[in-house]
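Coordinates in review
One letter stands for each residue in the lines below.
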Amino acid sequence: MEDKIGFCTKLLHGSGAQRYAQREILPPISQVTAFSYESMEELEKVFAHKSMGYAYSRIGNPTLSAFEQKICELEGGMGAVSCSSGMSAISSALLAICESGDEIIAGSGLYGGSIDLFHDLEKLGIHTRFADRLDRETIGSLVTERTRAVFGELISNPSLTVLDLEEASEAAHEAGIPLLVDSTTATPYLANPLRMGADIVIHSTSKYINGGGNAIGGIIIDSGHFPWNFEKHTALSEFRKYGRMAFLLRLRADLWENLGGCMAPMNAFLSFIGADTLGLRMERICENADALARALNEEEGITVSYLTLPDHPCHAYVEKQLRGYGGGILTFRAGSKERAFRIINHLKYALIASNIGDLRTLVIHPASTLYVHSGKEGTEAAGVFEDTVRVSVGIEDKEDLVADFINAVRASREE
Ligand SMILES: *Cc1c(COP(=O)(O)O)cnc(C)c1O
């Protein structure tokens, strides 16, 4: 039944909703470190996984469980593990699958933190081969007998390249490896990658899922469908008896628990209540972004990149994979760094901040901030130029937002 109800209904009334001890409407914030039991026998059973229960909040906590269940259900997964941040989720997921000597194939235009992480993994003996596009041919040409995972972002930021889930997952599966997708910018509202071939989905919940810009967090969702080969995926071999659940168990009972990157109960609560409005927010954000992109595109000397614009190279994926929406991020080129700065400084409502997915519209000049250490080549490969402005569109009234940007663009010409 759950698959037939709409997104917002499922968000509010999904299977986990309102099953709390005192009939609370929202999950109580279990702001505790440990849980106590009537007898030693009871705690023994909890440790042996023979009875349901919590022992210590790094390993499990009811507020975290409520949040995990909610996002897992939205994505159509088998299980989910929440993490202290998006980076914690990405590093835990990759380290659960890869060990020294193994290789990863990763798409280009990735989040800067993920690129840095791949460099860190080199020091642990895990090598990453980067692909310009994660299409069948490229994946096929980069696979070796040591490849253990393909990792890509569904909508890369800010280059706005869309990963073809069907093609990438088929190519990965032919090589016996799982496809991991960072779907932070797409959100579970625009796409459910697990339903389109991906095996593991990761979100930085700090962005659109929380939505209010008030808690760092991350989550890993496993489809539970990938047929692990334990001769090949030796990092999981101790968990072979769990079959297709081996990745979740390796995380939950081993690697994630031991790395210690658990989400804080208060952050799980804030992200839970934030997620309640995800559907509404994404509709509004995407509508605003589309209007802003079209309006800016009419302005002299301004070139906009946004997925719903017909000349965008990934335009076809709007219908194919993104529910007809273009997401909350757009970029435009202003002709020069100076003009880009003038426009940004003139904006009344958009905040100058290094974040995305807030209720408030945020702007940044990526070349002088997020990509300042990436070199010209790396920066341009990410679709960032000296004159690029990135906008993370918020939920302000469309008319005010468009007017603010148009005023700033026109004022920037006269100076
Ligand atoms: C922000 C972000 C991350 C990292 O998440 P944190 O919660 O900041 O650790 C990873 N991937 C993408 C696409 C992001 O936007």
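Criteria and cut-off values
Residues numbered from 1 in each chain as written. Predicted model: local features only at pLDDT ≥ 70, side-chain atom pairs only at ≥ 80, totals over all residues. Heavy atoms only, no water. Helix = DSSP H or I, 4+ residues; strand = E, 2+ residues; numbered from the N terminus. Rg over C-alpha atoms; globule rule 2.2 N^0.38 Å. Buried < 20%, exposed > 50% of the residue type's maximum accessible area, 1.4 Å probe, protein only. Contact = heavy atoms within 4.5 Å. Lys, Arg positive; Asp, Glu negative; His and termini not counted. Charge placed at Lys NZ, Arg CZ, Asp CG, Glu CD. Core = buried A, V, L, I, M, F, W, Y, C linked by side-chain atoms within 4.5 Å. Domains from an automatic or database assignment. Expected span 1.5 Å × (residues − 1). Polar contact = N/O pair within 3.5 Å; in protein donor to acceptor, adjacent residues only side chain to side chain. Disulfide = S-S within 2.5 Å. Buried area = accessible area lost by both parts, 1.4 Å probe. Salt bridge = Lys/Arg side-chain N within 4 Å of Asp/Glu carboxyl O. 1 Å grid on protein atoms, 1.4 Å probe; cavity = no way out; pocket = protein on both sides within 12 Å on 5 of 7 lines; lining within 4 Å. Points joined across faces, edges and corners; volume = space filled by probe spheres on them. Nonpolar A, V, L, I, M, F, W, Y, C, P; charged D, E, K, R; others polar. Near = heavy atom within 4 Å. Areas by Shrake-Rupley, 256 points an atom, 1.4 Å probe, with all protein chains shown as cover. Pairing = 2+ DSSP bridges. Axes fitted to C-alpha atoms, helices over the stretch in contact; angles between N-to-C directions.

Some details on the overall build of the protein
The helix and strand inventory of the protein stands at 15 helices and twelve strands. Here the C-alpha radius of gyration of the protein, 22 Å, is about what a compact globule of 415 residues would show, namely 22 Å. The C-alpha extent of the protein, read off along each of the three principal axes, is 75 × 50 × 40 Å. Looking at the 415 residues of the protein, the share that counts as buried comes to 53%. Considering only intrachain contacts with a sequence separation of at least 6, the fraction spanning at least 24 residues in the protein is 71%. Here the protein holds 38 positive side-chain charges and 55 negative ones, and the gap between their average locations is 2 Å.

Concerning the nonpolar core
Here is a general trend for soluble globular proteins: nonpolar side chains tend to be buried in one another's company. One finds Leu154, Leu296, Leu330, Phe332 and Phe405 to be the most contacted residues of the largest nonpolar core, which totals 82 residues. Among the elements that line this core, the one with the most residues is helix H11 (residues 278–297), at ten residues. When we break this core down by domain, the ones giving at least three residues each are domain 1 (7–30 + 61–275) and domain 2 (278–413). Leaving out residues up to four positions away in the same chain, Leu330 has contacts with Leu160, Ala289, Leu292, Ala293, Leu296, Val304, Ser305, Tyr306, Val389, Arg390, Val391 and Val393.

Concerning helix H4 (residues 86–97)
The end-to-end C-alpha distance of H4, which contains twelve residues, comes to 17 Å, matching closely the 16 Å that a straight helix rising 1.5 Å per residue would cover. Within H4, eleven of the twelve residues are buried, which leaves it mostly tucked inside the rest of the structure. Here H4 has its buried residues at Gly86, Ser88, Ala89, Ile90, Ser91, Ser92, Ala93, Leu94, Leu95, Ala96 and Ile97. In this structure Ser85 caps H4, since a side-chain oxygen of it lies 3.4 Å from the backbone nitrogen of Met87.

Focus on the environment of Gly14
Among the structural elements, Gly14 can be located in the loop between helix H1 (7–13) and helix H2 (40–47). Using a relative accessible area of 8% as the deciding quantity, one classes Gly14 as buried. Sequence separation between Gly14 and Ala171 is 157 residues, and the spatial gap between their C-alpha atoms is 33 Å. Ignoring anything within four residues of it in the chain, the contact list for Gly14 reads Thr9 and Glu73.

Some thoughts on the state of the cysteines
Cysteine pairs can be covalently joined through their sulfur atoms, and such a bond is termed a disulfide. What the rule picks out here adds up to zero disulfides. Among the cysteines around Cys83, which has no disulfide bond, Cys262 carries the closest sulfur, lying 9.2 Å off. Of all cysteine sulfurs, the one in Cys286 lies closest to Cys314, which takes part in no disulfide; the gap is 16 Å. According to the relative accessible area criterion, Cys314 is buried, its value standing at 6%.

Overview of the domain arrangement of the protein
Taken domain by domain, the protein consists of domain 1 (7–30 + 61–275) and domain 2 (278–413). In this assembly, 35 residues from domain 1 lie in contact with 36 residues from domain 2. Across the domain 1 to domain 2 interface the summed buried area is about 2900 Å²; carbon plus sulfur atoms make up 60%. Applying the counting rule to domain 1 against domain 2 returns one salt bridge.

What to know about empty space enclosed by the protein
In the structure shown here, the tally under the stated rule is two cavities of 30 Å³ or more. What the largest cavity holds in volume is close to 160 Å³. Lining the largest cavity are 15 residues, with Asp132, Arg133, Leu134, Thr161 and Leu163 sitting closest to its centre. Residues of the lining of the largest cavity, tallied by class, amount to four nonpolar, five polar and six charged. As a volume, the second largest cavity reaches approximately 50 Å³. Every residue along the wall of the second largest cavity is listed here: Ile155, Ser156, Asn157, Leu160, Thr185, Tyr208, Gly326, Gly327, Gly328 and Ile329. Along the lines of polarity and charge, the residues of the lining of the second largest cavity split into four nonpolar, six polar and no charged.

Focus on the environment of Gly107
With respect to the helices, strands and loops of the structure, Gly107 is situated in the loop between strand E2 (103–106) and helix H5 (112–123). Sequence separation between Gly107 and Asp276 is 169 residues, and the spatial gap between their C-alpha atoms is 31 Å. The contacts of Gly107, once residues within four sequence positions are left out, are Phe130, Ala131, Leu134 and Phe151.

Description of the site of the ligand
As a matter of local geometry, the ligand sits amid 13 residues, with Gly86, Asp182, Ser204, Ser206 and Lys207 nearest to it. The contact in question runs from an oxygen atom of the ligand to an N or O atom on the backbone of Met87, over 2.9 Å. The side chain of Lys207 places a nitrogen or oxygen atom 2.8 Å from an oxygen atom of the ligand. Here the ligand loses 93% of its free accessible area of 380 Å² to cover by the protein chains. When residues of the shell around the ligand are assigned to their parent elements, the largest contribution, three residues, is made by H4.

Focus on the sheet that holds E2
The strand order E1-E7-E6-E5-E4-E2-E3 describes an open sheet built from seven strands, whose pairing is mixed. Looking at the sheet topology across the chains shown, the edges are occupied by strand E1 (79–83) and strand E3 (127–130). Averaged over all pairs of adjacent strands, the angle between strand axes in this sheet comes to 20°, irrespective of strand direction. In the sheet, strand E4 (residues 147–153) pairs with strand E5 (residues 179–182) via four bridges, with the strands oriented parallel. If you follow Glu153 over to E5, its bridge partner there is Asp182. Helix H9 (residues 246–259) contacts E1, strand E6 (200–204) and strand E7 (218–222) of the sheet and is inclined by roughly 30° relative to E1.

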